2 protein chains.
Amino acid sequence: MKKGNPHEISVGVVGLGLMGSSIVVALLLAGHRVVAIAPLPEDKNLGPKRINEYLAQCAQSGMLAAAPAKYLAQLTVTDDYAQLADCRLVLECVIEKLDVKKSVFSKIATYLATDAIIGSNTSAIPISTLQQYVPQPERFLGIHWAEPAYLTRFLEITCGQQTTPANAEWVLELAHHWGKEPTLLRKDVRGFITNRLMYAVYREIFHLIENQKATLEDVDKAFRYDAGSWMTLMGIFRRMDYLGLADYAEMLKTAFPQLSTTDQVPALMQRMVDTHARGVQNARGLYPYTEEEARQWEEAFALFNQDIYHLSSKYPVRPLGRNA
Amino acid sequence: MKKGNPHEISVGVVGLGLMGSSIVVALLLAGHRVVAIAPLPEDKNLGPKRINEYLAQCAQSGMLAAAPAKYLAQLTVTDDYAQLADCRLVLECVIEKLDVKKSVFSKIATYLATDAIIGSNTSAIPISTLQQYVPQPERFLGIHWAEPAYLTRFLEITCGQQTTPANAEWVLELAHHWGKEPTLLRKDVRGFITNRLMYAVYREIFHLIENQKATLEDVDKAFRYDAGSWMTLMGIFRRMDYLGLADYAEMLKTAFPQLSTTDQVPALMQRMVDTHARGVQNARGLYPYTEEEARQWEEAFALFNQDIYHLSSKYPVRPLGRNA
């Protein structure tokens, strides 16, 4: 498959929810022509509105080389899958329901070249499972973004059992043109990397909470001001190297037998789901929210995204020193 | 016990290694008079040298209200424990050996008022254990800092079984004068909060690595660019609220049974310890280092500390919005 310049590669995005809209902006910023399919009628209006907003934010924070209109000229929004015909890559970002995804894959494949790549943004369904419903499954893989897609460097590329490695490597190379620091999982690990490791945190954290050994507030503070003070620079293993490794084996030997091994859903989380608490989205969650507070968190996160993106860009993987 | 102004409270610090020196600077910045005991002859010179360096860094990044000399005038460095007599609080930061700590506690208690507080920076020995070797154990507690102490908002205060809660609350209030976002653990949880949760991450992470499901580089990238993009703003539970809680119970039900439950020290970590790899400190670790690279990481971390400290100060716990 032809490698190279994003300007010469058309990319399709199917699904124009929050995540799909955000991915469209990331691709436009990288120089791609983008064909965006809005399968839901409501997203045909809301999707472009979001895309405009995100581009305006990017312009404001100095990330654009040209006016937003120049990027928008490269975008087609449609509900006609036939317009995907020229795309070398199509990203599926629809809801996490297998039936919906199956139907979307079949529509995409009807119009796409048989060697064009299809990626799914799923975080819930194994790639090897989804792959079974894609014609020419060897060109299918996971391409998992973090929100907001145009302001994060994270990207997880995951092979299913039938994925041809060369296809994953083609995406990996392209992802560097998107300004990502991509990771490539050659095996289909359930939960990929970060989700899976966060599950391990959740198991222990709910165990502490349920035994009244810590409060939600204290856990969040500890993470914000301890882990938050090195995470963006170092990750996990580099941090261990930085602290020196001498005591770790001893500490882990003492600690592991004390950790939770439960496979039960924490009662607190089950109660949240049972009572339809949806956190910031409906101002009812693990914490209480007024509507004003929920709005403030949305706003703070949007601003923080910009700050942490610019901060992390001063500390690339290589060279190690600070750029600016 | 008298509450109030740091300017009226003398604080003792015993142990002038990296951490002790850094804690001295945090206390000087908060306005305390500090009596620093250097039990190791080498630290009598190195300690003040480090303190001078840290203060110069603080001056450079605009954190000082006066010249470094003004802060240094409030500092006494000595090996004479009798000089602790006027202190209302003494922080023990010596190495993690019970025998050493026992002897230090006994020397501190010889000169200190019986109602003055004694805190330990230990992260390895339970507070309830240490407490047994402190005369008037009700005034003893854990006061656990993150490096660098003067540039992080993290502080874990931990009660042992015999600690009087009012003493912990006195420290909690004082810690706000130090510019901290302190947490108070009323029970003596092994590993406190963040260490314990990181152990849960380590258990799962080494499990993935040992099964060739991910590489060290990929794990670190995923953490830097995913978790790193929200950790400093949100912590764990707030993040769940932000993403909406609807799918969590389902996800956890699937995920928990797949997580590692081992209580064995990971072979890779054991090998590191057996071969005396000490990470950045001796340029041999989980990653390979040249001496130049080890130096670059030290430098990058020093710069990053300043950046993330200033960034996080724009997003306090309350009010929620951005300050600057």
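Predicted model, so just to flag it, every value in this text is computed and none were measured.

Help me understand the UniProt feature "domain: 3-hydroxyacyl-CoA dehydrogenase NAD binding" (unreviewed entry) in chain A, please; the structure alone is not making it clear to me.
Here the UniProt feature "domain: 3-hydroxyacyl-CoA dehydrogenase NAD binding" (unreviewed entry) sits at residues 11-188 of chain A. For residues 11-188 of chain A, the end-to-end C-alpha separation is 24 Å, with 39% helix and 20% strand making up the annotated structure.

When you look at the pairing of strand 6 (residues 140-145) of chain A in this model, what are you seeing that I'm missing?
Every other side chain in a regular strand lies on the same face of the sheet, so the side chains alternate between the two faces. All names here are of chain A. Of all 6 residues making up strand 6, 6 are buried, and the element is well covered by its neighbours. Because side chains alternate across strand 6, one face comprises the buried residues Phe-140, Gly-142 and His-144, and the other comprises Leu-141, Ile-143 and Trp-145, equally buried. The sheet contact formed by strand 5 (residues 117-120) and strand 6 spans 3 bridges and is parallel. In the strand pairing of strand 6, Ser-120 is matched with Gly-142. Relative to strand 7 (residues 155-159), strand 6 is paired through 5 bridges, and the arrangement is antiparallel.

Before we go on, may I ask you to explain the domain arrangement of chain A in this structure?
Many structure descriptions define interface size as the accessible area lost when the parts assemble. All names here are of chain A. In terms of domain boundaries, chain A breaks down into domain 1 (6-185) and domain 2 (276-324). Between the C-alpha centres of domain 1 and domain 2 there is a distance of 23 Å. Every contact between the two is made by 10 residues of domain 1 and, on the other side, 8 residues of domain 2. Of all residues in domain 1, Ser-61, Leu-151 and Arg-153 give up the largest surface area on contact with domain 2, accounting jointly for 57% of the area buried on that side. One can count 0 salt bridges joining domain 1 with domain 2. Our count for the domain 1 to domain 2 interface comes out at 2 residue pairs in polar contact (both at pLDDT 80 or more). Residue composition of the side of domain 1 that touches domain 2, grouped by class: 4 nonpolar, 3 polar and 3 charged.

Help me understand the pattern of salt bridges, please; the structure alone is not making it clear to me.
Close approach of charged atoms lets side chains of opposite charge pair. For the coordinates displayed, the defined rule picks out 20 salt bridges over all chains. Arg88(B) is the partner of Asp115(B) in a salt bridge, and the nearest nitrogen-oxygen pair spans 3.2 Å. Here Asp115(B), found in the loop between helix 4 (98-111) and strand 5 (117-120), pairs with Arg88(B), found in the loop between strand 3 (75-78) and strand 4 (89-92); they are 27 residues apart in sequence, far enough to count as distant. Measuring nitrogen to oxygen at the nearest pair gives 2.7 Å for the salt bridge that ties Arg295(B) to Glu299(B). Placement of both Arg295(B) and Glu299(B) in helix 13 (residues 291-313) is noted, with a separation of 4 residues, approximately one turn of the helix. Put simply, Glu92(A), Glu96(A) and Lys101(A) are held in one network by salt bridges that share partners.

Is there a simple way to explain the pairing of strand 1 (residues 10-14) of chain A in this structure?
Residues and elements named next belong to chain A. Burial analysis of strand 1 places 5 of its 5 residues in the buried class, which makes it a mostly covered element. The side-chain alternation of strand 1 yields two buried faces, one formed by Ser-10, Gly-12 and Val-14 and the other by Val-11 and Val-13. By the bridge criterion, 5 bridges tie strand 1 to strand 2 (residues 33-37) in an arrangement that is parallel. Directly across from Val-14, in strand 2, lies its bridge partner Ile-37. Two strands pair when backbone bridges link them, and strand 1 and strand 4 (residues 89-92) are joined in this way by 4 bridges, in the parallel orientation. Among the inter-strand pairings, Val-11 is bridged to a residue of strand 4, identified as Leu-89.

I would appreciate a short explanation of the side chain of Ser120(B) in the present structure.
All names here are of chain B. Note on placement: Ser-120 falls in strand 5. On the accessibility criterion, Ser-120 (1% relative accessible area) is buried. In this view, Ser-120 contacts Glu-92, Lys-101, Leu-130, Phe-140, Leu-141, Gly-142, Ile-143 and His-144; residues no more than four positions away in its chain are not counted.

Which parts of the structure should I look at to understand the sheet that holds strand 1 (residues 10-14) of chain B?
Sheets are built from strands that pair by backbone hydrogen bonding, the pairs being arranged parallel or antiparallel. Residues and elements named next belong to chain B. The mixed open sheet is built from 8 strands, whose spatial order is 3-2-1-4-5-6-7-8. The two strands at the open ends of the sheet, each matched to only one other strand, are strand 3 and strand 8 (181-185). Going from strand to strand, the sheet's axes swing by 20 degrees on average, the running direction of each strand aside. In the sheet, strand 7 (residues 154-159) pairs with strand 8 via 5 bridges, with the strands oriented parallel. Counterpart to Thr-158 in the pairing with strand 8 is Leu-185. Its contacts with the sheet place helix 4 against strand 1, strand 4, strand 5 and strand 6 (140-145), and it is angled at close to 165 degrees to strand 4.

Honestly, the packing of aromatic side chains in this entry has me stumped. Any pointers?
The geometry of an aromatic ring pair is captured by the separation of the ring centres together with the interplanar angle, meaning the angle of the planes. Under the counting rule described, the total for this entry stands at 16 aromatic pairs over all chains. On the numbers, 5.2 Å between centres and 75 degrees between planes, the contact of Phe105(B) with Phe140(B) is edge-to-face. Of this pair, Phe105(B) sits in helix 4 while Phe140(B) is found in strand 6, placing the two residues 35 residues apart along the sequence. Residue classification places Phe105(B) among the buried positions, given a relative accessible area of 0%. Look at Trp145(B) and Trp178(B): their rings are 5.2 Å apart centre to centre, the planes differ by 20 degrees, and that puts the pair in the stacked class. In this pair, Trp145(B) is assigned in strand 6 and Trp178(B) in the loop between helix 6 (165-177) and strand 8, connecting sequence segments 33 residues apart. With respect to burial, Trp145(B) and Trp178(B) carry one shared label: buried. An aromatic cluster of three or more residues is present, and its members are Tyr199(A), Tyr202(A) and Tyr248(B). Directly above the ring of Tyr287(B) sits Arg238(A), whose terminal nitrogen or CZ lies 3.9 Å from the centroid. Against the face of Tyr309(B) rests Arg153(B), its NZ or CZ located 4.2 Å from the ring centre.

Calculation rules
Residues numbered from 1 in each chain as written. Chains lettered and ligands numbered in written order. Predicted model: local features only at pLDDT ≥ 70, side-chain atom pairs only at ≥ 80, totals over all residues. Heavy atoms only, no water. UniProt positions renumbered as here; feature names shortened; annotations may be inferred. Helix = DSSP H or I, 4+ residues; strand = E, 2+ residues; numbered from the N terminus. Buried < 20%, exposed > 50% of the residue type's maximum accessible area, 1.4 Å probe, protein only. Pairing = 2+ DSSP bridges. Domains from an automatic or database assignment. Contact = heavy atoms within 4.5 Å. Buried area = accessible area lost by both parts, 1.4 Å probe. Salt bridge = Lys/Arg side-chain N within 4 Å of Asp/Glu carboxyl O. Polar contact = N/O pair within 3.5 Å; in protein donor to acceptor, adjacent residues only side chain to side chain. Nonpolar A, V, L, I, M, F, W, Y, C, P; charged D, E, K, R; others polar. Axes fitted to C-alpha atoms, helices over the stretch in contact; angles between N-to-C directions. Phe/Tyr/Trp six-rings, centres within 6.5 Å; stacked < 30°, edge-to-face > 60°. Lys NZ or Arg CZ within 6 Å of the ring centre and 35° of its normal.

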